Each structure stands twice: as C-alpha cells, then as structure tokens.
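# Residue-level structural notes
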Amino acid sequence: KLPPTIHIAGTNGKGSTTAFLASIFQAAGYKTHIYTSPHLHHCNERIVVSNHQIDDGYLYQMLEEIRIAAGEINLSLFEGLTLAAILAFSQNPADICIIETGMGGRVDATNVIDKKIATILTSVSLDHQEFLGNNLSAIACEKSHIMRTNIPCIVAPQNLETIQAIEVRSSEISNS
C-alpha cells in the first residue's frame, strides 16, 4: 500500500540526497513520505507522513500496534521505527515515498520493500565494518542489495573496487 518508493543506501550523502529529493517533490506539490536515520533530537524526526513529521500520539499508536503484532519477537529500535514508518505510510495517501537505509542494504529492515521506482547508491566507504565487512567490496555488496531487477539505480561516483562490487550485484539481479 506504499506510494511509489525511492530507496537510498550508501555511507555518505544519504541524508542530503533524501532532503534534496523531498524538497524537489514538495516544491512541485507532491505529498511526500520520508523515512531517515538517525535522528538528531527526537525519533519523530525520522518519519515524515505526507509532508508532516509524525506526531507523538500517532507514533505511539503505530509502535503499540507493532508491539502487539510482534508478540515475542524482540525488535531493535531501528526495526520498530522502520515498521512504524511503513505502517503509517501505508495508512496515509502520498505521491512519493523516500526511504533511507540504516547502515546496510541486504539485511537492513528497510529492504523489505520490493516495489520501488528507483534506488540510489550514494558514496560508499568503510563503515559498520563489524556488520558489513572489512573492505569496500564487501560493504558495497551489502549496500547494493537494495537494487531490484528492472528498477533504475542511480549510483554516485565511486572508487574502482566499489563500482566493481556494484556491477557484480547488478549482473546477479539481471540474470535472475
């Protein structure tokens, strides 16, 4: 039930790319859902529903619904907020949805969304190595898992090792 979705992964530039895209769409009159990470002051900052930051009451309602549905499943803060955002987005009309990954791609909670109109890979560098791998190739591979068959992927300038890993992933999904 999500509107057309743009999914963004990378190490640097995810927040700026999200902010630029949201500003462009909103200036053109589009209702925009946005999910970003991390927040600076309040977790509400992460979730924008139809151009408005989610309010405390609605966020609580979404999180409570998720808590009940999850039962014995222990969700991380990121997983819970991601589910709250997706649930809120599915209940409110909008023209476009912009979703930023947390730290990865392949096992990132945001990667449950298959129906995307575009994916964007911003600059990839060494980050979260304990989870994503110890080199640029491994990290780029993890982040490039947001890509889908027949969905455009916009890739920021990358170094050779990173672009080769992204090309490998692109070939894998093209042949699947």
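Here we summarise the structure given alongside this text. Position numbers for residues start from 1 in each chain and track the written sequence from start to end. In keeping with the model being predicted, local features are shown solely for residues with a pLDDT of at least 70 and side-chain atom pairs are shown and tallied solely at 80 or more, while totals for entire chains, interfaces and linings include all residues. To get the side-chain values, all heavy atoms of the structure are used, and hydrogens and water are removed first.

## Brief notes about the layout of surface pockets
Residues are said to line a cavity or pocket when one of their atoms sits within 4 Å of a point; the points come from a 1 Å grid over protein atoms alone, cavities being sets where a 1.4 Å probe fits but cannot get out and pockets being open sets with protein on both sides within 12 Å along at least five of seven lines. Grid points are joined across faces, edges and corners, and a volume is the space filled by probe spheres set on the points. If you add up the space inside the largest pocket, you get close to 300 Å³. Around the largest pocket, the lining is made up of 17 residues, and of these Gly102, Met103, Gly104, Asp108 and His128 lie nearest the centre. Here the nonpolar group is Ala, Val, Leu, Ile, Met, Phe, Trp, Tyr, Cys and Pro; Asp, Glu, Lys and Arg are the charged ones; every other residue, Gly included, is treated as polar. In terms of residue class, the lining of the largest pocket is built from seven nonpolar, seven polar and three charged.

## Re the packing of helix H5 (residues 136-143) against helix H6 (residues 160-174)
Lines fitted to C-alpha atoms define the axes here, with helix axes fitted over just the stretch in contact, and angles between the N-to-C directions of these axes take values from 0 to 180 degrees. Secondary structure elements follow DSSP: runs of H or I of four or more residues count as helices, runs of E of two or more count as strands, with numbering from the N terminus. Where H5 contacts H6, the axes come no closer than 8 Å and their chain directions differ by 40°. Accordingly, the angle class assigned to the pair H5 and H6 is oblique. In this structure, H5 crosses over H6, and the sense of that crossing is right-handed. Residue-level contacts link Leu136, Ser137, Ala140 and Cys141 of H5 to Glu161, Thr162, Ala165 and Ile166 of H6. Broken down by class, the residue content of the contact of H5 with H6 amounts to five nonpolar, two polar and one charged. Small angles under 35 degrees read as roughly parallel and large ones over 145 as roughly antiparallel, with 65 to 115 read as roughly perpendicular and the rest as oblique. Crossings are assigned a handedness: left-handed for a near helix turned anticlockwise from the far helix by less than a right angle, right-handed for a clockwise turn. Residues are treated as being in contact if the distance between any of their heavy atoms lies within 4.5 Å.

## Description of the side chain of Glu142
Looking at the secondary structure, you find Glu142 in helix H5. Only protein chains enter the accessibility calculation, which uses a 1.4 Å probe; a residue whose area is less than 20% of its type maximum is buried, one above 50% is exposed, and one in between is partly exposed. Exposure remark for Glu142: the relative accessible area of 12% places this residue in the buried category. Excluding residues that lie within four positions of it along the chain, Glu142 makes contacts with Gly104, Gly105, Arg106 and Leu132.

## Some points on the pattern of salt bridges
Think of a salt bridge as a Lys or Arg side-chain nitrogen and an Asp or Glu carboxyl oxygen that are within 4 Å of each other. Using the criterion set out here, one finds five salt bridges in the structure. Between Arg67 and Glu64 there is a salt bridge, with the nearest N and O atoms lying 2.5 Å from each other. Taken together, the residues Arg67 and Glu64, both in helix H2 (residues 56-70) and three residues apart, mark about one turn of the helix. Among the ionic pairs, Arg169 bridges to Glu172, the shortest N-O distance being 3.3 Å. Residue Arg169 and its partner Glu172 are both found in helix H6; the two are separated by three residues, about one turn of the helix.

## Quick notes on the packing of aromatic side chains
Ring pairs are drawn from Phe, Tyr and Trp, using the six-membered ring of Trp, whenever the two centres fall within 6.5 Å, and their geometry is named by plane angle: stacked under 30 degrees, edge-to-face over 60, tilted for the rest. Tallied over the entire structure, the rule returns two aromatic pairs. Ring geometry for Phe25 against Tyr30: centres 5.5 Å apart, planes inclined by 80°, an arrangement best described as edge-to-face. An angle of 40° between the planes, with centres 6.0 Å apart, marks the rings of Tyr35 and Phe78 as tilted. Here the residue Tyr35 occupies a position in strand S2 (residues 32-35), and Phe78 occupies one in helix H3 (residues 77-91), the gap between them amounting to 43 residues.

## Re the pairing of S2
The side-chain alternation of S2 yields two buried faces, one formed by Thr32 and Ile34 and the other by His33 and Tyr35. Inspection of the sheet shows S2 paired to strand S3 (residues 47-49) by two bridges, in the antiparallel sense. The partner of Ile34 across the bridge, within S3, is Val48. Strand pairing requires that DSSP identify at least two bridges connecting the strands.

## Focus: unusual backbone geometry
The omega torsion across Ser37 and Pro38 is -5°, close enough to zero to call that bond cis. Checked against the element boundaries, Pro38 lands in the loop between S2 and S3. The backbone of Asn51 shows a phi angle near 75°, a positive value even though the residue is not glycine. Along the polypeptide, Asn51 turns up in the loop between S3 and strand S4 (52-53). Using a relative accessible area of 31% as the deciding quantity, one classes Asn51 as partly exposed. The phi dihedral of Asn150 is positive, around 65°, even though this residue is not glycine. Its location among the elements puts Asn150 in the loop between H5 and strand S7 (153-155).

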